[in-house]
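Observations on the three-dimensional arrangement
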Amino acid sequence: MVLAVVPPPVTVRVPAKVNLHLAVGDVRPDGYHDLVTVFQALSLVDEVTVAVADEPGVEVHGEGADQVPTGASNLAWRAVQLLAAHVGRDADDPKVRVVIRKAIPVAGGMAGGSADAAAALVGLSSLWRLDISRDELAELAGKLGADVPFALYGATALGTGRGERIVPVLGRHQFHWVLAFDRRGLSTPDVFDELDRLRAEGDPPRVGEVEAVLEGLSSGDPRQLALLLGNDLQAAAVSLRPNLRRTLRAGVDAGALAGIVSGSGPTTAFLCEDGDAAVKVAAELAGAGVCRTVRVAHGPVPGARVITTEEPKPTPPEVHA
Ligand SMILES: C[C@](O)(CO)[C@H](O)COP(=O)(O)OP(=O)(O)OC[C@H]1O[C@@H](n2ccc(N)nc2=O)[C@H](O)[C@@H]1O
Ligand SMILES: Nc1ncnc2c1ncn2[C@@H]1O[C@H](COP(=O)(O)OP(=O)(O)OP(=O)(O)O)[C@@H](O)[C@H]1O
């Protein structure tokens, strides 16, 4: 008699991102925009478990779970199907169950869905014992979305092309952040469309050169980096959500060194002097009543990686506004 050994489930922890610098070029014929961006992975993480199962599907728990599709459009499920097809398995019946525990806000500009997709790729590579390099996974990741490759690598990185071409940025310094979640999400294509509209009408501000940001990062001085943070999508996000202006002001009034919209928003990210300052800014911002929830995080942290079940999940202090 031959007994089939079912491999144990694999859990992957994967970070959210903030763009320290996001320069957006003109719209391309394929509808995308060329970007030059600096990503940083933060200690705000989703956890994704993949397991062999007769009943395939996706389960979502945690932050914003009710807004996440559990069918074929879930980005983690699309990752399962893409990897299955790539290695010659049955993509329509991959015999996998995916459980997502979310802490990254949905449609928040922090690449939450992209993170889950990257985690599914890493988790399945381990579950199926695939001999596949991170660079080969990154190729597949880029097909799922512009932000997915970065979630594989984490840390701090320069992104070009649609944002999917990643080069690591070396650095030993930790930075401390406060994140303000807005009451509702924003659609990424809507924010890019709004930027095109604003540019057709006038000349919204553009960020400076990326080199200065890379120097600010290597100095390790949050005061220097704070002066260099910039996001071309910020004007568009604020145009669609004028309340973000008040949130950005409230964070700086609370003592943050600088505040920016994270990616396409509406999450706002505040760089702080150190960990203690971040806790103080978070408490004050929560009291200002300008957002739904406030979190403290630090970065850079590693990209998607398999964790052992003993490893406790970091629980960033949560302050309800
Ligand atoms: C805003 C950022 O988060 C910054 O890192 C990303 O550019 C967005 O990355 P993403 O959500 O992974 O984006 P995708 O899922 O690939 O694309 C969603 C939509 O965003 C717009 N999009 C995205 C990336 C890019 N370089 N140009 C774009 O115009 C396009 O309308 C695209 O159809
Ligand atoms: N696993 C997932 N987690 C979150 N959203 C998902 C997922 N799969 C599909 N979605 C859909 O994708 C949409 C965008 O979600 P996501 O949280 O990735 O946005 P985002 O963080 O703003 O993305 P980005 O920063 O990459 O532009 C959601 O509104 C949701 O309907």
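Residues numbered from 1 in each chain as written. Chains lettered and ligands numbered in written order. Predicted model: local features only at pLDDT ≥ 70, side-chain atom pairs only at ≥ 80, totals over all residues. Heavy atoms only, no water.

Note the following rule: UniProt positions are given in the numbering used here, feature names are shortened, and annotations may be inferred rather than shown by experiment.
As recorded in an unreviewed UniProt entry, the chain goes by the name 4-diphosphocytidyl-2-C-methyl-D-erythritol kinase, listed as coming from Lentzea albida. The annotation that UniProt attaches to the chain under Catalytic activity (unreviewed entry) is "4-CDP-2-C-methyl-D-erythritol + ATP = 4-CDP-2-C-methyl-D-erythritol 2-phosphate + ADP + H(+)".

Looking at the packing of helix α1 (residues 75-86) against helix α2 (residues 112-127)
Definition in use: Here the axes come from fitting lines to C-alpha atoms, over the contacting stretch only for helices, and the angles between their N-to-C directions go from 0 to 180 degrees. Elements are defined by DSSP. Helices are runs of H or I of four residues or more, strands are runs of E of two residues or more, and each kind is numbered from the N terminus. Handedness of each helix crossing follows the sense of rotation of the near helix against the far helix: counterclockwise by less than a right angle gives left-handed, clockwise gives right-handed. We call two residues in contact whenever any of their non-hydrogen atoms come within 4.5 Å of each other. Charged means Asp, Glu, Lys or Arg here, nonpolar means Ala, Val, Leu, Ile, Met, Phe, Trp, Tyr, Cys or Pro, and polar covers whatever is left, Gly included.
Their axes nearest at 7 Å, the elements α1 and α2 cross at an angle of 35°. Considering how the two elements wind past one another, α1 and α2 form a crossing that is right-handed. Residues Leu75, Ala76, Ala79, Val80 and Leu83 of α1 lie in contact with α2, whose contacting residues are Gly113, Ser114, Asp116, Ala117, Ala120, Leu121, Leu124 and Ser125. When grouped by side-chain class, the residues that make up the contact of α1 with α2 number nine nonpolar, three polar and one charged.

Section: the site of ligand 1
What counts, and what does not: Throughout this document, a residue counts as near a molecule or strand when at least one of its heavy atoms sits within 4 Å of that molecule or strand. Any pair of N or O atoms that falls within 3.5 Å is considered a polar contact. Within protein, one atom must be able to donate a hydrogen and the other to accept it, and sequence-neighbouring residues count only if both atoms are side-chain atoms. Per-residue and other accessible areas were derived by the Shrake-Rupley procedure at a 1.4 Å probe size, with only the shown protein chains allowed to occlude residues. Put plainly, a pocket is an open set of points on a 1 Å grid over the protein atoms alone with protein on both sides within 12 Å along at least five of seven lines, a cavity is a set where a 1.4 Å probe fits but cannot get out, and a lining residue has an atom within 4 Å of a point. More than half of a molecule's atoms within 2 Å of the grid points is what it takes for that molecule to sit in a cavity or pocket.
Around ligand 1, a shell composed of 17 residues is seen, among which Tyr32, His33, Ala146, Asp147 and Arg162 lie nearest. Lys17 is positioned with one of its side-chain polar atoms (N or O) 3.0 Å from an oxygen atom of ligand 1. Between ligand 1 and Gly31, the relevant distance is 3.4 Å, taken from an oxygen atom to a main-chain nitrogen or oxygen of the residue. Bound to the protein, ligand 1 loses 83% of the 630 Å² it would expose on its own. Cavity membership is defined here by more than half of the atoms lying within 2 Å of grid points; on that basis ligand 1 lies in the largest pocket. Elements that contribute at least two residues to the shell around ligand 1 include exactly β1 (10-27), β2 (33-52) and α5 (188-201). Looking at the shell around ligand 1, its residues break down into seven nonpolar, seven polar and three charged.

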